[in-house]
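What follows is the residue order along each chain.
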Amino acid sequence: MTTRQPVPWDNPEPLTGPIGVPLVDLLDRVMATGVVISGDLIIAIADVPLIRLSLHALLSSVSERVPAPWADGGPL
Amino acid sequence: MSDLVTAAPQDTTTATYVFAVSRTVDPSVLAGLPGMEEGAPVHVLPCGRLTAVVQAVTAAHFTEEAWQARLSDPAELERCARAHHAVVSAAATCGPTVPLPLATLYRGDSRVRQAMADEADRFTSVLDRIAGHVEWGVKVYAAPAPSGPEPDVAGADTAVKGAGLAYLNRKRGLQQRRHHRHEEALRAAEAVDAELREFAAASRRLRPHGQEASGRRRVQVLNAAYLVAEGSAAELTELTGLLEARTGAEIEISGPWVPYSFVGGA
């Protein structure tokens, strides 16, 4: 195992092909980051900061399956 | 037909889901993408000098309660994450793209335009910063523990005159070796990160995954993202190969990603 070389995922056009992207790595990215617009602009239908509430719910609900992909010092 | 008309009229209200923001996106790259729900197509919404990639969705399906349920359902969470990622990735084929987080919703297109106008300078500076770059994920795992039983350092004769002591010694030895391996792995992680930071335009440490997510019985000691120049995949692969050989740690790389981890802040 120690001689195994690291390889990028096997996809001819990785930027266009989401198939095969590991879910846990994807969640690291779609959930924790990209917060360019401030929280109060990421609004729910009722003008509440939905995203933050949802993330907290997610953290508690799937933590067994996807243990804490969020950075301690991350945007949360 | 009449019951179709009378069925839950309040549910027809739409909201605008925003996937990403770019300068320009060729609408044809979005063709056929399902987006967050069936119905309206994923499309571009011009917003001044920016373009938002959006989809009209049924508001009632994207309320806070609906999201709570959705995010608690692993299959549905995966579907949403992949659908979001598919649109972000497609948009990014047209040029630098700022992915928005999953679940970014506005009451309508005009609200999106307003938000884009308010934040135009920040989006523009982020687009400039990430232009020509992609993100790579790098995960480092501790070198696997030697297989087979630990050597019995106490020796056979101690079994007679000090089985308890021998047991404690063995336990202590095991603990020390485990501790040592962990220290080594953390040092390897720091070494890998230091080298990759030199190579990258920017870097970010993510929280390492637990064993269940990382698979097998191995300990992840580094989960990091690096913003690197487009087209440097071969160099990165070579570098991580060298680092793997040098440190003895197991290294996994993933990418190229749209620079998700490098669009926060300003």
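Residues numbered from 1 in each chain as written. Chains lettered and ligands numbered in written order. Predicted model: local features only at pLDDT ≥ 70, side-chain atom pairs only at ≥ 80, totals over all residues. Heavy atoms only, no water.

K.L.:
Got a minute to help me understand unusual backbone geometry in this structure?
P.N.:
With the exception of glycine, most residues fall at negative phi, and the peptide bonds are largely trans. All names here are of chain B. With an omega of 0°, the peptide bond between Gly255 and Pro256 qualifies as cis. On the secondary structure map, Pro256 appears in strand β9 (residues 250-257). In this model, Ala103 sits at a positive phi of 80°, which is unusual for a non-glycine residue. Looking at the element boundaries, Ala103 is found in the loop between β4 (97-99) and β5 (105-106). (Helix = DSSP H or I, 4+ residues; strand = E, 2+ residues; numbered from the N terminus.)

K.L.:
Mind showing me how you'd approach the side chain of Lys139 of chain B here?
P.N.:
Secondary-structure assignment places Lys139 of chain B in strand β6 (residues 133-141). On the basis of relative accessibility, which here comes to 8%, the residue Lys139 of chain B falls in the buried class. Engagement of the side chain of Lys139 of chain B in a polar contact is seen with the side chain of Asp25 of chain A, the distance being 2.9 Å. Leaving out residues up to four positions away in the same chain, Lys139 of chain B has contacts with Asp25 of chain A together with His209, Gln220, Leu222, Asn223, Glu250, Ile251 and Glu252 of chain B. (Buried < 20%, exposed > 50% of the residue type's maximum accessible area, 1.4 Å probe, protein only. Polar contact = N/O pair within 3.5 Å; in protein donor to acceptor, adjacent residues only side chain to side chain. Contact = heavy atoms within 4.5 Å.)

K.L.:
Is there a simple way to think about the confidence of the model for chain A in this case?
P.N.:
The predicted coordinates ought not to be read in detail in places where the model reports low pLDDT. All names here are of chain A. Overall, the prediction assigns chain A a mean pLDDT of 45, with 14% of residues at 70 or greater. Taken together, the stretch residues 1-19 has pLDDT below 50 and engages in 40 contacts with residues farther than four places along the chain or on a different chain. In the model, residues 33-76 has pLDDT below 50 throughout and makes 119 contacts with residues more than four positions away in sequence or in other chains. (pLDDT = per-residue confidence, 0-100.)

K.L.:
Can you help me understand the nonpolar core in this one?
P.N.:
One finds Val30 of chain A together with Tyr17, Phe19, Met36, Val53, Trp67 and Leu102 of chain B to be the most contacted residues of the largest nonpolar core, which totals 35 residues. Elements represented by at least two residues in this core include exactly α1 (23-32) of chain A together with β1 (14-22), β3 (50-58), α2 (64-72) and α3 (74-92) of chain B. With nine residues, α3 of chain B is the largest single contributor of residues to this core. What Val30 of chain A contacts, discounting residues up to four positions off in sequence, is Ala81, His84, Pro101, Leu102 and Tyr260 of chain B. Counting 22 residues, the second-largest nonpolar core is a separate cluster that includes Val138, Ala185, Ala249 and Ile253 of chain B. (Core = buried A, V, L, I, M, F, W, Y, C linked by side-chain atoms within 4.5 Å.)

K.L.:
What exactly am I supposed to notice about helix α5 (residues 120-130) of chain B here?
P.N.:
Each α-helix turn comprises 3.6 residues. Residues three or four places apart therefore point the same way. Residues and elements named next belong to chain B. Regarding α5, the residues found buried are Ala120, Phe123, Thr124, Val126, Leu127 and Ile130. Seen along its axis, α5 keeps its buried residues to an arc of 165°; they face one direction. As for α5, its buried residues are in contact with β1, β3, β4, α4 (109-118) and β6. Within two residues after α5, Gly132 carries a phi angle of roughly 75°, on the positive side. (Arc of directions from axis to C-beta.)

K.L.:
I tried to follow helix α7 (residues 163-199) of chain B on my own but got confused; where do I start?
P.N.:
For α7 of chain B, spanning 37 residues, the distance from its first C-alpha to its last is 54 Å, which sits close to the expected 54 Å at 1.5 Å a residue. When we look at burial in α7 of chain B, the residues that qualify are Ala166, Gly173, Ala185, Ala188, Ala189, Val192, Asp193 and Leu196 of chain B. (Expected span 1.5 Å × (residues − 1).)

K.L.:
In this structure, what is going on with the pattern of salt bridges? I would like to understand it.
P.N.:
Close approach of charged atoms allows side chains with opposite charge to pair. All names here are of chain B. For the structure shown, the criterion picks out 13 salt bridges over all chains. Note that Glu252 and Lys139 form a salt bridge whose closest N and O atoms lie 3.7 Å from each other. Taken together, the residues span a long stretch of sequence, with Glu252 in strand β9 and Lys139 in strand β6 at a distance of 113 residues. Where salt bridges share partners, they join Glu190, Asp193, Arg197 and Arg205 into one cluster. (Salt bridge = Lys/Arg side-chain N within 4 Å of Asp/Glu carboxyl O.)

K.L.:
Mind showing me how you'd approach the domain arrangement of chain B here?
P.N.:
Reports often express the size of an interface as the amount of accessible area lost when the parts come together. Residue and element names in this part refer to chain B. Assigned domains of chain B: these are domain 1 (12-130) and domain 2 (133-262). Counting from both sides, the interface comprises ten residues of domain 1 and, opposite them, seven residues of domain 2. For the domain 1 face of the interface with domain 2, the top three residues by lost area are His85, Pro99 and Ile130, together amounting to 62%. For the pair domain 1 and domain 2, the interface holds zero salt bridges. The tally of links from domain 1 across to domain 2 stands at three residue pairs in polar contact (both at pLDDT 80 or more). Elements that contribute at least two residues to the side of domain 1 that touches domain 2 include exactly α3, β4 and α5. Element by element, the count of residues in the side of domain 1 that touches domain 2 is highest for α3, at five residues. Across the side of domain 1 that touches domain 2, the residue classes tally to five nonpolar, four polar and one charged. (Domains from an automatic or database assignment. Buried area = accessible area lost by both parts, 1.4 Å probe. Nonpolar A, V, L, I, M, F, W, Y, C, P; charged D, E, K, R; others polar.)

K.L.:
Please explain the packing of aromatic side chains as it appears in this structure.
P.N.:
Two descriptors summarise a pair of aromatic rings, namely the distance from one centre to the other and the angle between the planes of the rings. Under the counting rule described, the total for this entry stands at two aromatic pairs over all chains. With 4.6 Å between their ring centres and 55° between their planes, Tyr17 of chain B and Phe19 of chain B make a pair best called tilted. You can call Phe19 of chain B buried: its relative accessible area is 0%. Centroid distance Trp257 of chain B to Tyr260 of chain B: 6.3 Å. Interplanar angle 75°. Geometry classified as edge-to-face. One Lys or Arg, Arg29 of chain A, reaches over the ring of Trp257 of chain B and ends 4.4 Å from the middle of that ring. (Phe/Tyr/Trp six-rings, centres within 6.5 Å; stacked < 30°, edge-to-face > 60°. Lys NZ or Arg CZ within 6 Å of the ring centre and 35° of its normal.)

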